Amino acid sequence: MTCAIREGAEIKIWHRLDHLRGFKRQRAMSKNGYPVKIGILGCMAERLKEKLIEKEKSVDIVAGPDSYRDLPRLLAVTENGQTAVNVLLSLDETYADVVPVRLNKNNITAFISVMRGCDNMCTYCIVPFTRGKERSRPVTSIVDEIKLLSDQGVKEVTLLGQNVNSYRDISQQTEKYETNLAKGFKTVYKTKKGGLRFADLLEKVSSVDPEMRIRFTAAHPKDFPDEVLQIITERSNICNQLHLPAQSGSSTVLERMRRGYTREAYLELVAKVRSVIPGVALSTDMICGFCGETEEEFQETLTLMETVRYHTAFLFSYSMREKTTAYRRYKDDVPNDVKKDRHTRMLKLYIQSCHVLNQAELGKVHLVLIESINKKTQQLVGRNEMYLKVNVDQTEILSEDGGKRAIKIGDYVAVKITDAKASAFSGVPLYHTSIKEFYRDKCYGNEIVVQL
Ligand code: 5AD
Ligand code: SF4
């Protein structure tokens, strides 16, 4: 299963193929075991179909992101020693009726794809070419999957899409509301009309199980509807955490990237989000070294990061991709060592500001969903609403019925934060709780009396 977004992701797959080719040869020579078939699936298959077939003689299947239903037929074709290929992109494939098999049934978190493709055409990005046109999965199929996950004990789902704000279930026609783009934002495609929108989806999804946490990613900063902010504040099981990828802090770079907003418009959106959802944790993606990026323009990325103070940031060096507008129109002219240096500077700033942000949480009580046990330290590891890790010792704490019981995976625990690093917290677990109980306590000013 491959990714083509940056060159680095593809290099990893070429190395993996070297390894798999040896494995396939070995298996072919041995008398035991089934013959190995190698399939390249996903965006890299879409992008490099010819190269994969011509150069990689060992590959049996090349299947793009919209052809997974065809896998049984493709496998059958390989029985005669042929390479089977299907890289057709679809206008409507959402895999809505395919319920994913959960490999680890004990996982209490799950990801759900709510839409596929992207129509945004940011100039650096290959996704619209490898994933095709944007299409949304019907609300009913998403809600059904969430019900199933809830029944299986899943406590947190993350809704996935390239740009969830433009989610539209057009199978449910409605003339409810249309959003006009806010001042300073524009889009390269016509805003779709009618249908159920992302705020409707959030409303329905968060109603399935009030004790199931809901997160979503990614939200393109343009076309950010007030209704989405509203529903986040209304529902305590929708986490106060937003991924708002800025990509750059410079309006001129953003223009070249065709992001559809300026630095000022982005900062205004951040201010609005913070005023509607106090305490919201923001995360971002940032690219340094995009075509023509000057030192001054890069400095604006640093100052934007300083101003916003992200809880989480994914930082990338620009990697030129064929087919994209940037490939055709601009020059990848920032030298590699400069890209590397800028990346290091972004990272340093990000770690410093995370440290400051996280220190401010010391002494506060967080609602933590326990997800796993760290095998090395034997501590329990969970996440707070901000999606940051919180480590706690295994111990017995006050339970809902007034007795004491040990903490187990899948429990919601109120944790007092006692140590804050840039990427994780440690704390003292206080008592077992639920989303409903925790926020009721919070309403009374966090005055929680606990016998330790
Ligand atoms: N080079 C570097 N980073 C990229 N991204 C997308 N395309 C490129 C590229 N060509 C980053 C963006 C996006 C994230 C998923 O990957 O920051 O939000
Ligand atoms: Fe790529 Fe832009 Fe679409 Fe994100 S919104 S997937 S960066 S084209």
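Note that the structure is a prediction, hence the values are computed from the model and not measured.

K.L.:
Residues and numbers for a negative patch on the surface, please.
P.N.:
Taken together, Glu 264, Glu 268, Glu 296 and Glu 300 make up a surface patch of like negative charges. Counting only elements with at least two residues in the negative patch, the list comes to helix H10 (263-276) and helix H11 (295-308). In this structure, Glu 300 sits in helix H11. Classification of Glu 300 as partly exposed rests on a relative accessible area of 30%.

K.L.:
I'd like a rundown of the packing of aromatic side chains, residues and numbers included.
P.N.:
For the structure shown, the criterion picks out seven aromatic pairs. When the ring of Phe 290 is compared with that of Tyr 318, the centres are 4.9 Å apart and the planes differ by 85 degrees; the resulting orientation is edge-to-face. Here Phe 290, found in the loop between strand E12 (281-288) and H11, pairs with Tyr 318, found in the loop between strand E13 (312-317) and helix H12 (325-329); they are 28 residues apart in sequence, far enough to count as distant. When the centroid spacing of 6.1 Å and the interplanar angle of 85 degrees are considered together, the rings of Phe 290 and Tyr 330 count as edge-to-face. Here Phe 290 is found in the loop between E12 and H11, whereas its partner Tyr 330 is found in the loop between H12 and helix H13 (336-359), with 40 residues between them in sequence. The class for Tyr 330 is partly exposed, based on a relative accessible area of 22%.

K.L.:
Would you mind going over the pattern of salt bridges in detail, with residue names and values included?
P.N.:
The final tally for this structure, using the stated rule, is 30 salt bridges. For Glu 297, the salt bridge is made with Arg 256, and the minimal N-O distance between the two is 3.0 Å. Of the two residues, Glu 297 sits in helix H11 while Arg 256 sits in helix H9 (residues 251-257), which places them 41 residues apart along the sequence. For the residue pair Glu 297 and Arg 256, the accessibility class agrees, reading buried in each case.

Cut-offs used in this document
- Here the residue numbers are simple positions, counted from 1 along each chain's written sequence.
- Chain letters and ligand numbers both follow the written order, the letters beginning at A and the numbers at 1.
- Thresholds applied to this predicted model are a pLDDT of at least 70 for local features of residues and 80 or more for the giving and counting of side-chain atom pairs; totals over whole chains, interfaces and linings are not thresholded and use all residues.
- The basis for the side-chain values is all heavy atoms of the structure; hydrogens and waters are excluded.
- Each patch is built from residues lacking any salt bridge and having more than 30% relative accessible area; the joining distance is 9 Å for like charges and 5 Å for nonpolar side chains (Val, Leu, Ile, Met, Phe, Trp, Tyr).
- Only the protein chains shown count as cover for residues, with accessible areas throughout obtained via the Shrake-Rupley method and a probe of 1.4 Å.
- Salt bridges are defined as contacts in which a side-chain nitrogen from Lys or Arg sits within 4 Å of a carboxyl oxygen from Asp or Glu.
- In this tally, Lys and Arg are treated as positive and Asp and Glu as negative; His is ignored, and so are the chain termini.
- Working definition for charges: the position is that of NZ of Lys, CZ of Arg, CG of Asp or CD of Glu.
- Helix and strand labels come from DSSP, where a helix needs a run of H or I of at least four residues and a strand needs a run of E of at least two; each type is numbered from the N terminus.
- The rule is simple: take the accessible area with a 1.4 Å probe, protein chains only, and divide by the maximum for that residue type; under 20% is buried, over 50% is exposed, in between is partly exposed.
- Ring pairs are drawn from Phe, Tyr and Trp, using the six-membered ring of Trp, whenever the two centres fall within 6.5 Å, and their geometry is named by plane angle: stacked under 30 degrees, edge-to-face over 60, tilted for the rest.

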